[in-house]
Amino acid sequence: MGTSEEEAHLSDDARNDSKGKTPSPTTSSTYVPLADRDIDQSHLKFKIKKYDRMALPPYHHPNEFKVILEVKVEDLKLSQKGIEALIDIVGPRYIANKKLLKLTCNKFDTRVENRNYLLWLLDSLLQEAESFHADV
């Protein structure tokens, strides 16, 4: 009885959601996905923390879906100038004494989305570091 109205409402919401989003990096002709780069996936370390279910709403801990990505900068296969550019871009997310890049995300409602966002962010950072190095 109300399915067509609900479907119309859902499709309107989907159109409105897609308007506010940033363009996908895959639409760029110069975008090279992480899988096509020579980064060994075993060097990417993802950390999550599980919390017990809470008794009162919202029933989950605010950091329940937080994902942390840690990767050693030397494993990213950038030139020395590219590494320097990356360190300048990421700022305090670079841990100098461990030579480690630490990115965190708690932006989305699932760990999978947060993980995917971190992979996209790492891709974007590497692309910017390479292009910054090429411009200098």
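Residues numbered from 1 in each chain as written. Predicted model: local features only at pLDDT ≥ 70, side-chain atom pairs only at ≥ 80, totals over all residues. Heavy atoms only, no water.

### A word on the confidence of the model for the chain
Applied cut-off: The predictor rates its confidence in each residue with pLDDT, a number between 0 and 100. Throughout, a residue-residue contact means that at least one pair of heavy atoms, one from each residue, lies within 4.5 Å.
The share of residues in the chain with pLDDT of 70 or more is 70%, and the mean pLDDT across the chain is 77. Confidence over residues 1-31 falls short of pLDDT 50; this stretch has seven contacts with residues more than four positions distant or in other chains.

### Considerations on the nonpolar core
Spelled out, the test is: We call a set of buried Ala, Val, Leu, Ile, Met, Phe, Trp, Tyr and Cys residues a nonpolar core when their side-chain atoms join them within 4.5 Å. Buried residues are those whose accessible area, probed at 1.4 Å on protein chains only, stays under 20% of the maximum for their type, while exposed residues exceed 50% and partly exposed ones sit between those limits. A run of H or I in DSSP counts as a helix once it spans at least four residues, and a run of E counts as a strand once it spans at least two, with each numbered from the N terminus.
Counting 22 residues, the largest nonpolar core has L76, L78, L86, L101, L103, L122 and L126 as its most contacted members. For this core, the secondary structure elements donating two or more residues are β2 (67-72), α2 (80-90), β4 (100-105) and α3 (111-135). Element by element, the count of residues in this core is highest for α3, at six residues. Beyond its immediate chain neighbours, meaning those up to four positions away, L103 contacts V67, I68, L69, R93, L118, L121, L122 and L125.

### Thoughts on the environment of K72
If you trace the backbone, K72 turns up in strand β2. A residue is classified by how much of its surface remains accessible, and K72, at 40% relative accessible area, is partly exposed. When the C-alpha atoms of K72 and K45 are compared, they prove to be 9.4 Å apart, with 27 residues separating the residues in sequence. Beyond its immediate sequence surroundings of up to four residues, K72 is in contact with K99 and L100.

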